[in-house]
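Residues per chain are reported as follows:
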Amino acid sequence: MATAHYPETEVGDLHRRLVILRVGLLLVVALLGLRLWHLQIREGPYYRDLSENNRTRQVLLEPARGLIYDRHGVLLANNVPSFSLYVTLEDVKDRELLVKQLTDLLGLDAALVRKKLTAKGSKLLPRKIKDRMTLRDATLVESHRLDLPGVMIQVESQRNYPGGMTAAHILGYVGEISGEQLEKPEFLDLHQGSVVGQYGVEKSYDRHMRGVAGQKNVEVDALGHEKRATVVDRPQAGNDLYLTIDARLQKVAEDLLGEEHGAIVALDPTSGDILAMASRPGFDPNVLSRELTAKQWVEIVQDEGRPLNNRASQGQYPPGSTFKIPMAIAALETKTMTPSSTVFCNGGYQFGKRLYHDWKAGGHGYVDLHNALVHSCDVYFYTVGQRMGIDVMAEFGKDFGLGKATGVELPSERSGIMPSTAWKQKAKNEQWLPGETISAAIGQGYVTVTPLQMASLVGTVANNGVSYRPRLVQAVMDRTTGNLMEIPAVPRGKLSVKPETFRLIKDALADVVTKGTATRAKSSVVTIGGKTGTAQVAALRTGPEESIPKKFRDHAWFVAFAPVESPKIAVAVIGEHMGHGGAAAAPLAKEVIETYMKLAPQVPTVTSDRPSMEGPGRFSNDS
Amino acid sequence: MINRLTEHRELDSFDIRYVALILAILGIGVLSIYSVTYGQRGVGTPYYLKQLIWIGVGAAAFLIMWASDYHHLARFAYPAYAVILVMLVVVLFEGRTSKGAQRWIALGPLSFQPSEFAKLILVLVLAHYYSKAPRVGWLQRVIVPGLLVLPGLLLILKQPDLGSGLSFVAVYAAMLLMVGVRSQALGVILLFSIMLFPFAWEGVWGSLHDYQRQRIMAFVDQDYDPGGKGYHALQSRIAIGSGELLGKGLYGGTQSQLKFLPEGHTDFVFAVFAEEWGFMGVLVLLALFVGLIWLSLEIASKAKDQLGALLAAGIVAMLCFCVVVNIGMTAGMFPIVGIPLPLVSYGGSATIMTMAALGLLLNVKRKRLSLFY
């Protein structure tokens, strides 16, 4: 029926063309095959890598930070679960849109979010945008997860300090690692968003407590949502710290200071263990361990009371009359004075054209060393200082640890100043003036000390010259092995001071409390020895204490030890602008000592038989 | 006696190799669609089941075409073309829009893509045109059929559906090649193309949608902005390449399973297959296609008349074009234009149309065996 309209030759032509089509088809298929061979065989491994990168994300598993306990195992710092919001830039299509969504949804600060999104770091690693989210916010984000590609909520641990402000300066606080810190070698294995100790033992023992982060390789879909975890590298918890402090004593010391500014340090002179170290005003480390806004930071940093300052180890004050303790020892040891030699005090000391006043207008009459300490006679020590000279004073001061940091495990400890002619030449490029020796003799002028140094000093005296480096950490518990590694006390050697000298001085210090300037420290519970001090703030003082504006009032010092017969505690108290040491500081020291004695500590003292010697001077190797 | 012989010979035309090849390719398609949508919480019937339904409908179309007579069908070529042109107009106004293109007509819960069927009808129209009378001179051979192609082409490009549009041009070009164009005519086409090129470029480039331009730009610079324009092309290349020699196994294709590769069940189904079955799987699939096309060419060359030969050649050309361009675009050889892989990609209209076309091909063979002069 449908016969061809074309002659047979036309169909034959068609046949020839179909042959061309076949050849062409084979050529094209060969070309396709070649291309696929190139993609799958030659470049296959490359594309395999790309597909692996496409689907896997490394999620770091933060380790649980080590816990902190006091000497009796009372919990001071732990971790509680909290929700954090992370963003993986690789999965974010529109950054500005995300900023807007997060600010609308959670009320976050847009500038802060933007800053975190643009910070340096891998696009594949999730970066923390917000921590300590409320359950409500976390749920809100989860319910919008389809609109928020690259966003995820992680449950992680948040540092928590159950005691609130208690021991804040010792514990310190934690915070996200700063860009500056990230560059440092000790933080090499950390990453943006890691939490590190920023203050206190949290900082100085950070390496022990931070642990080792684990890693989870997570398979994600094109929206960055987790499908399954493929490899889990478990995080290693950090080690726990056992501090030397007694949380109860710490609390008492802090409450004693109350609203006043100042510091109280209590330590065990036979080991250097710091039992309490209070500094006021304080701060809540729970707040500081959180993400603070710029405004909150400014408020804290610009607070005139400088609450972040640990006054116990960082506050430098003139020691005032407490300096008479090393002065008295120096006087006896250098034979500048004998126990029985006396000085007549008529209320002033004329040196050159200047009259140096005694605190007691009428003077003390004839005083020997014992009475000079008990009644804190300035004229006696003016005389001692003038006879001995500043450089001998400096030598003794340094032997007692003044002018150098004690080495306690806290960041930014200050050293105070123990002046000498060489010091002045170096620091001020000026000659030492003889009159400056007179001021220095009663702990004024250039001499400055920290309360920690003074507690250590009085402890050394109480312990008959045997001293230990003050310390806060007595043991570290290794979380992986479960071993408790005790940290031995660090002996600093023994001062080569005659035992008789210590006996005389301690007698005098006991009488300071029983009948001298510090009768308000007299206790019915325990025998206490101590020395008052009043550090001048303003040079000229007239009229009664109450009429002077608070900020010009003197700092009140009291250093003490107890029991006198076999000392177990040494205390230094400084109350800023609280006036006379005997009136203001002595009662606080008494409270601390009595509390400690009542707590009847079965102290698990950690001592070492292998004292390490630090420097020659008047230390002798006695082991 | 003669009748029985005829019947027997007609049944012979139902070439078991041919049918086996089609079923094998369809099977690969269903498996890949099943794999890529595995674990997806879909709404309603899963894609692979729907595709099985389309294949069922397609099988019916295949049998009807096989049992019919292409000479009768050819007589309805022009009215059918008129109907499909009307549908293409309707689609522009009433069509369902998906991803910026208006290609579908809703029929109750189903939708139907006239441009797919337009391709097959175009083959029928051109075969009918050339076989009805000896077309001599370039006007009759080139210009008049060109004018037949043009309205359909323009309507499809307007949707816009670049892939189907290109298929239209490919079918036209293949037909021209089959009937033979004298070098003079070829020269005229070439001259006109060159002269019209600047206008055509403006017209074509200007009329493209943004996403089409971006896809073409992404093709020109393959690694440019992988998160944006080149995303599709790059993810597809990663999927294919990462399959390596033996593939990642069923459901193992991370590119498609984790949705890095969009359109995994439709236009990019080849990438899914290549990722899960590797180069070996790809060779098998290519061999199946080559086998199918080879048998089809065999039918074309043995056709007893001009109409049958042209019909068969046109269908083969259409099939070849879709296979080559689809694989080429997923492998990053061509820009991405929306052309499904025949018999493999998910899609009702395309599957039914392709199976009907293959049925028609087999009909050409059947008629060859039953025709007695």
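Given the structure is predicted, the values throughout are model-derived calculations rather than measurements.

## Details of the overall build of chain A
The number of helices and strands found in chain A is 22 helices and 24 strands. The buried share of chain A, taken over its 623 residues, is 45%. For chain A, long-range pairs separated by at least 24 residues make up 74% of all intrachain contacts whose partners lie at least 6 apart in sequence.

## Quick word on the overall build of chain B
The helix and strand tally for chain B stands at 15 helices and three strands. Of all 373 residues assigned to chain B, the portion counted as buried reaches 50%. The contacts in chain B between residues at least 6 apart in sequence include a share of 73% that link residues at least 24 apart.

## With respect to the nonpolar core
Counting residues in hydrophobic clusters, the biggest one holds 119 residues, and the most contacted among them are B:Leu311 and B:Ala312. Once residues within four sequence positions are removed from consideration, B:Ala312 is found in contact with B:Ser296, B:Ile299, B:Ala300, B:Ala303, B:Leu361 and B:Val364. Counting residues in each nonpolar core, the second largest holds 117 residues, with A:Tyr161, A:Met277, A:Val447 and A:Val571 among its members.

## Brief notes about the interface of chain A and chain B
Contact residues are listed per partner, giving 37 residues for chain A and 42 residues for chain B. Considering each element in turn, the side of chain A that touches chain B owes the most residues, 19 residues, to helix H1 (residues 8-42) of chain A. Of the residues that constitute the side of chain A that touches chain B, the class distribution is 20 nonpolar, eight polar and nine charged.

## Some thoughts on the confidence of the model for chain B
The predicted model of chain B has a mean per-residue pLDDT of 81, with 79% of residues at 70 or higher. Across chain B, element-level confidence peaks in helix H3 (residues 47-67) of chain B with a mean pLDDT of 93 and bottoms out in helix H1 (residues 2-12) of chain B with 58.

## As for the confidence of the model for chain A
Summing up the model confidence of chain A, the mean pLDDT is 85 and the portion of residues at 70 or higher is 90%. Per-residue pLDDT stays below 50 along residues 603-623 of chain A; that stretch engages in 37 contacts with residues further than four places along the chain or on separate chains.

## Some details on unusual backbone geometry
Here the residue pair A:Arg280 and A:Pro281 is connected by a cis peptide bond, since its omega of 0° sits within 30 degrees of zero. Note that the residue after A:Ala562, namely A:Pro563, is joined by a cis bond; omega there is -15°. Residue placement: A:Pro563 occurs in the loop between strand S22 (555-562) and strand S23 (569-575). For A:Ala167, which is not glycine, the phi torsion reads 60° and is therefore positive. Relative to the helices and strands, A:Ala167 is located in the loop between strand S5 (151-160) and helix H6 (168-171). Look at A:Ala167 and you get buried, because 30 C-beta atoms sit within 10 Å. You will see that B:Leu343, though not glycine, has its phi angle at about 70°, which is positive. Tracing the backbone shows B:Leu343 in the loop between helix H14 (306-330) and helix H15 (348-370).

## A short note on the packing of helix H2 (residues 44-55) of chain A against helix H11 (residues 231-242) of chain B
Two numbers describe how H2(A) lies on H11(B): the axes approach to 7 Å, and their chain directions differ by 120°. Here H2(A) is positioned oblique relative to H11(B), judged by the angle of their axes. Handedness of the H2(A)/H11(B) crossing: left-handed. Along its contact with H2(A), which presents A:Gly44, A:Tyr46, A:Tyr47, A:Arg48, A:Leu50, A:Ser51 and A:Asn54, the element H11(B) presents B:Arg237, B:Ile238, B:Gly241 and B:Ser242. Each residue belonging to the contact of H2(A) with H11(B) can be placed in one class, and the counts come to four nonpolar, five polar and two charged.

## Section: the sheet that holds strand S11 (residues 262-267) of chain A
Sheet strands associate in pairs through backbone hydrogen bonding, adopting either a parallel or an antiparallel arrangement. Residues and elements named next belong to chain A. One open sheet accounts for five strands, arranged S12-S11-S23-S22-S21; its pairing is antiparallel. Strands with a single pairing partner mark the edges of an open sheet, and in this sheet they are strand S12 (274-280) and strand S21 (529-535). In this sheet, adjacent strand axes meet at a mean angle of 5° when their direction is disregarded. Of the pairings in the sheet, the one linking S11 to S23 comprises six bridges and is antiparallel in character. Considered in S23, the bridge of Leu 267 is made with Ala 570. In this fold helix H10 (residues 247-257) packs onto S11 and S12, with an angle of close to 30° to the strand it touches most, S12. Relative to the sheet, helix H22 (residues 581-598) contacts S11, S12, S21, S22 and S23, its axis offset from that of S22 by approximately 35°.

## Describing the packing of helix H5 (residues 77-94) of chain B against helix H7 (residues 137-158) of chain B
Residue and element names in this part refer to chain B. At a minimum axis separation of 10 Å, H5 and H7 run at an interaxial angle of 20°. Judged by the inter-axis angle, H5 sits roughly parallel to H7. In terms of crossing hand, the pair formed by H5 and H7 is left-handed. Packed against H5, whose contacting residues are Leu 85, Leu 88, Val 89 and Leu 92, the element H7 presents Pro 151, Gly 152, Leu 155, Ile 156 and Lys 158 at the interface. Per-class residue counts for the contact of H5 with H7 are seven nonpolar, one polar and one charged.

## Structural notes on helix H19 (residues 434-441) of chain A
All names here are of chain A. When we look at burial in H19, the residues that qualify are Thr 437, Ile 438, Ala 440 and Ala 441. Summarising the axial view, the buried residues of H19 lie within an arc of 165°, below the 170-degree limit, and thus occupy one face. Gly 443 occupies a position one or two residues after H19 and carries a positive phi of about 75°.

## Considerations on the pairing of S21(A)
Residues and elements named next belong to chain A. Within S21, seven of the seven residues are buried, leaving the element largely enclosed by the surrounding structure. With burial as the criterion, each face of S21 is covered, one bearing Gly 529, Lys 531, Gly 533 and Ala 535 and the other bearing Gly 530, Thr 532 and Thr 534. One ladder, built from seven bridges, connects S21 with S22; its direction is antiparallel. When the sheet's bridge partners are listed, Ala 535 is paired in S22 with His 555.

## Some thoughts on the environment of B:Ala331
Topologically, B:Ala331 is positioned in the loop between H14 and H15. For B:Ala331 and B:Ala233, which are 98 residues apart along the polypeptide, the C-alpha to C-alpha distance reads 8.1 Å. If we ignore the near neighbours within four places in the chain, the residues touching B:Ala331 are A:Arg35, A:Leu36, A:Leu39 and B:Ile240.

## A short note on the environment of A:Glu96
All names here are of chain A. Structurally, the position occupied by Glu 96 is in helix H3 (residues 95-106). Take Glu 96: there are 10 C-beta atoms within 10 Å of it, and that puts it in the exposed class. For the pair formed by Glu 96 and Arg 114, sequence separation is 18 residues and the distance between their alpha carbons is 8.1 Å.

## Description of the environment of B:Gly249
Inspection of the secondary structure assignment puts B:Gly249 in the loop between H11 and helix H12 (254-257). For B:Gly249 and B:Glu275, which are 26 residues apart along the polypeptide, the C-alpha to C-alpha distance reads 8.0 Å.

Thresholds applied
Residues numbered from 1 in each chain as written. Chains lettered and ligands numbered in written order. Predicted model: local features only at pLDDT ≥ 70, side-chain atom pairs only at ≥ 80, totals over all residues. Helix = DSSP H or I, 4+ residues; strand = E, 2+ residues; numbered from the N terminus. Buried ≥ 20, exposed ≤ 12 C-beta atoms within 10 Å, placed from the backbone. Contact = placed C-beta atoms within 7 Å. Core = buried A, V, L, I, M, F, W, Y, C linked by C-beta atoms within 7 Å. Nonpolar A, V, L, I, M, F, W, Y, C, P; charged D, E, K, R; others polar. pLDDT = per-residue confidence, 0-100. Axes fitted to C-alpha atoms, helices over the stretch in contact; angles between N-to-C directions. Parallel < 35°, antiparallel > 145°, perpendicular 65-115°, else oblique. Left-handed = near helix turned anticlockwise from the far one by under 90°. Pairing = 2+ DSSP bridges. Arc of directions from axis to C-beta.

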